[in-house]
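# Observations on the three-dimensional arrangement
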Amino acid sequence: MATAETAVSLSDVRKTYRIGEPVHALDGVSLEVPQGSYTAIMGPSGSGKSTLMNLVGCLDTPTEGEVVVGGRAVDALDDRERTRLRGTEVGFVFQTFNLMPRLNAVENVALPQLFQGIGRTERRERARDLLERVGLADRGDHLPNELSGGQRQRVALARALVNDPAIVLADEPSGNLDTDTEAEILDLFDEFHDAGTTMIVVTHERHVAERADRIVHLLDGRIERIEELDGGAAEPASRTGSSGRSEGDSE
Amino acid sequence: MNPLESLRLAWRSIRGHKLRSALTTLGIVIGIAAVIAFVTLGASLQAGIIGDISPDDQRNVYGWAAEPDTEGGPLAGAQPVFTGDDLEAVEDLEAVEAAYGYATIQTQAISNGEETVAQGNGLIASGPSYIREERLAEGRQFRQGESEAVLNPAAANQFEENVTVGDELTVTILGGERRTVEVVGITDTSEGQSPFEGFESSPRVYVPTDPYYTEQASGLGTGGGDDGGDNESAGESGEARFLAIIVEAPSDDAADIDAARESATDYLESDQSDASEFLGDDLAVRFQTSTELLQQLQDVLDLLRNFIVGIAAISLLVGSIGIANIMLVSVTERTREIGIMKAVGAQNRDVLGLFLTEAVILGVIGAILGTALGLVGGYVGAEYVDLPLVYPLEYVALAVVVGILVGVLAGLYPAWRAARTDPIDALRYE
Ligand SMILES: Nc1ncnc2c1ncn2[C@@H]1O[C@H](COP(=O)(O)OP(=O)(O)OP(=O)(O)O)[C@@H](O)[C@H]1O
Ligand SMILES: [Mg+2]
């Protein structure tokens, strides 16, 4: 299924947590994300959005099914290769920023490159470039707690981009930002997307999701429907086990 | 990730918790400091007592009579049993080159003309060959039966005007009696000539046993209880008995030395000797070379040092448990940071290396501070007890190695725990 044009491919993915009563966080999800596309994922709390992102971000492995990222089946990789994939192929923007508290902005942005064995000077140059791109050229030496929420999110964004990932994953990137800052971040996403990066963004907000090419609606661990924007035709949600009724109510 | 980067990151997190890191290293500091200080003191003590001498009196065996199971160094438990006749008889033995008694004569003072210096244990009475020819810087050996003396440099230089060969000195014996001696030689060192004296530098005057000791013991009595008691029980008052006897073998060949030792022991323990009257079942004659005697002293010092190093090792163990404990706390506390690092591509070995580096830095800092503190402690101690300061440099190198080792051992488990942290769990950790 994983063709050259497919950035991420999920086939019948299940993730079950067994703490007492088994929780099916993902219950048979199949999804193809073409390269260079912009996908939004929506759904109520607890529907499995973060679980899905963790799988695509190579942070986690499915209980069943197959996740293919950048042409490689994630669960067939050992821990070392998976870590490598997550360091180079994907850039993860967390809802809670997840910056290193004792490292300044430049060092935070440069952190992923440290683990790729890239030299110090080169790392700093690259980090300063990226900070400039996200409009933080003058905040390089600040620690995270000396930055505003929006600035932190932009640092996190710069960090996600530092290794030139093919895919950028953002889990509620604007969850606690004001509208102006949110707009800035989303504009940056558009920029990356225009530059050819595959974007997958989880959001609760309709207007954020509408920046994407399509919206995947999750409900109780299944794909409820996939909504194609910009006049694209709605496609059937998924095959097995999904309650996918395509409704195609694009605005 | 290259080691330099690990070092840099680890150093930052240590600096981020200054007080905690300082307290953590304290255990190591104290442990290493204790080892270094005591080993320094031990080495200084050894240098003070034994010096770095290599015994060149290797033809000699030193003998005294004591209860068979007496422990200790030269002359431990010695009783005065040897008579002049015994000495002559031993010297006549085939395997023996020379034999003479050894005794110290207590003095009050020594005068060189007008000038008088107090001297408590000034006279060492023995045979002429006790001062070996090659040890003489000037003059010659004293002769038995003459009022002659050989001085060591410390004794010769204690007067305003240095004593030289040919000068006459007046010695005041402990009882108050004055005797005149002619200086016939000066030795080349102020250290002791045999293990009987000890090897530390001090002023010494060497005289022949005859007339000094023989007259002393038979006539006035030396004031030493030993001799008085001995003379009575000997029942033949007037004859001096020696505490110690020195037997010279024809060469320093081990076989010759053993032969001399055996024949002297055999004779002295046989009924022919005067000494045998006292020996009986209670006392046994023992002859030892100075190497053997030094070895005994060395053994005692070694035992002492091992004991102290053992105690310090326990303190190091406690110190490393401290490091392990703090590292575990630190790993838990930084779970989220570990999660972030792993999420952005840190391999397990990167995380392992990071925490291990941190533990090693703590260990090494502890070792360096401990070494410095220990050296200062050793210096102060040696100064206080007035010993020649000797730094055991191999221990300083060892201390740093131990610091690294302690860091690695203490950091291994916490670092391993950090490395296998699951990134998702770690990121979810509040
Ligand atoms: N580690 C875990 N152990 C047990 N259950 C878990 C675990 N992680 C997630 N779950 C469960 O899986 C389900 C999906 O969780 P997930 O975090 O993916 O939801 P979400 O869609 O991201 O919700 P939100 O919008 O609130 O972030 C939830 O019911 C949750 O309780
Ligand atoms: Mg979530």
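Residues numbered from 1 in each chain as written. Chains lettered and ligands numbered in written order. Predicted model: local features only at pLDDT ≥ 70, side-chain atom pairs only at ≥ 80, totals over all residues. Heavy atoms only, no water.

Moving on, we get to the environment of alanine 244 of chain B. Residues and elements named next belong to chain B. The topology assignment puts alanine 244 in strand 13 (residues 244-248). Residue class for alanine 244 comes out buried when judged on its relative accessible area of 0%. Spatially, the C-alpha atom of alanine 244 lies 7.7 Å from that of alanine 65, the residues being 179 residues apart in sequence. Beyond its immediate chain neighbours, meaning those up to four positions away, alanine 244 contacts Gly63, Leu75, Phe82, Tyr100, Gly101, Tyr102 and Phe196. (Helix = DSSP H or I, 4+ residues; strand = E, 2+ residues; numbered from the N terminus. Buried < 20%, exposed > 50% of the residue type's maximum accessible area, 1.4 Å probe, protein only. Contact = heavy atoms within 4.5 Å.)

Counting all residues, the mean pLDDT for chain A is 86, and 90% of those residues have values of 70 or more. Within the model, the stretch residues 231-251 of chain A combines pLDDT values under 50 with 43 contacts to residues more than four positions away or in other chains. (pLDDT = per-residue confidence, 0-100.)

Right, let's talk about helix 1 (residues 3-16) of chain B for a bit. Along an α-helix, a turn takes 3.6 residues, which lines up residues three or four apart on a common side. All names here are of chain B. Here helix 1 is 14 residues long and its end C-alpha atoms lie 20 Å apart, about the 20 Å a rise of 1.5 Å per residue gives. When helix 1 is considered as a whole, its buried residues turn out to be Glu5, Ser6, Leu9, Ala10, Ser13 and Ile14. Measuring from the backbone nitrogen of leucine 4 back to the side-chain oxygen at the start of helix 1 gives 2.9 Å, which picks out asparagine 2 as the cap. (Expected span 1.5 Å × (residues − 1). Polar contact = N/O pair within 3.5 Å; in protein donor to acceptor, adjacent residues only side chain to side chain.)

With that out of the way, let us pick up the pairing of strand 10 (residues 178-187) of chain B. Residues and elements named next belong to chain B. Among the 10 residues in strand 10, seven count as buried, and that is most of the element. Judged from the three bridges that link them, strand 7 (residues 136-139) and strand 10 form a sheet pairing that is antiparallel. Counted as the bridge partner of glutamate 138 is isoleucine 186 from strand 10. Two strands pair when backbone bridges link them, and strand 8 (residues 148-151) and strand 10 are joined in this way by four bridges, in the parallel orientation. (Pairing = 2+ DSSP bridges.)

For the rest of this paragraph, the subject is a negative patch on the surface. Together, Glu67, Asp69, Glu71, Asp281 and Asp282 of chain B line one region of the surface with negative charge. For aspartate 281 of chain B, a relative accessible area of 76% puts it in the exposed group. (Patch = residues over 30% accessible without salt bridge, like charges linked within 9 Å, V, L, I, M, F, W, Y side chains within 5 Å. Areas by Shrake-Rupley, 256 points an atom, 1.4 Å probe, with all protein chains shown as cover. Salt bridge = Lys/Arg side-chain N within 4 Å of Asp/Glu carboxyl O. Lys, Arg positive; Asp, Glu negative; His and termini not counted. Charge placed at Lys NZ, Arg CZ, Asp CG, Glu CD.)

With that settled, the discussion passes to the packing of aromatic side chains. All names here are of chain B. Counted by the stated rule, this structure contains eight aromatic pairs over all chains. Between tryptophan 64 and phenylalanine 196 the ring centres are 6.2 Å apart and the planes differ by 70°, which places this aromatic pair in the edge-to-face class. Highlighted residues: tryptophan 64 in strand 1 (residues 60-66) and phenylalanine 196 in the loop between strand 10 and strand 11 (205-208), separated in sequence by 132 residues. When its relative accessible area of 1% is taken as the criterion, tryptophan 64 is described as buried. Take phenylalanine 196: its relative accessible area is 10%, and that puts it in the buried class. Ring centres 6.0 Å apart and planes at 50° place the aromatic pair tyrosine 130 and tyrosine 206 in the tilted group. Remark: tyrosine 206 occurs in strand 11 and tyrosine 130 occurs in the loop between strand 6 (123-126) and strand 7; sequence separation between them is 76 residues. Tyrosine 206 shares its class with tyrosine 130; the two are buried. Ring pairs connect the aromatic residues Tyr62, Trp64, Tyr100, Tyr102, Tyr130, Phe196 and Tyr206, which therefore count as one cluster. (Phe/Tyr/Trp six-rings, centres within 6.5 Å; stacked < 30°, edge-to-face > 60°.)

What follows deals with the site of ligand 1. Residues in close proximity to ligand 1 total 15 residues, the closest being Ser45, Gly46, Lys49, Ser50 and Thr51 of chain A. Those chains with residues close to ligand 1 are chains A and B. Side-chain polar atom of serine 45 of chain A to an oxygen atom of ligand 1: 2.4 Å apart, as the coordinates give it. Lysine 49 of chain A is positioned with one of its side-chain polar atoms (N or O) 2.7 Å from an oxygen atom of ligand 1. Notes on ligand 1: free accessible area 630 Å², of which the protein chains cover 70%. The pocket occupied by ligand 1, as judged from atoms lying within 2 Å of grid points, is the largest pocket. At the level of secondary structure, the elements contributing two or more residues to the shell around ligand 1 comprise strand 1 (6-19), strand 2 (21-34) and helix 1 (49-56) of chain A. Sorting elements by how many residues they give to the shell around ligand 1 places helix 1 of chain A first, with three residues. Class assignment of the residues belonging to the shell around ligand 1 gives a composition of five nonpolar, seven polar and three charged. (Near = heavy atom within 4 Å. 1 Å grid on protein atoms, 1.4 Å probe; cavity = no way out; pocket = protein on both sides within 12 Å on 5 of 7 lines; lining within 4 Å. Sits in = over half its atoms within 2 Å of the grid points. Nonpolar A, V, L, I, M, F, W, Y, C, P; charged D, E, K, R; others polar.)

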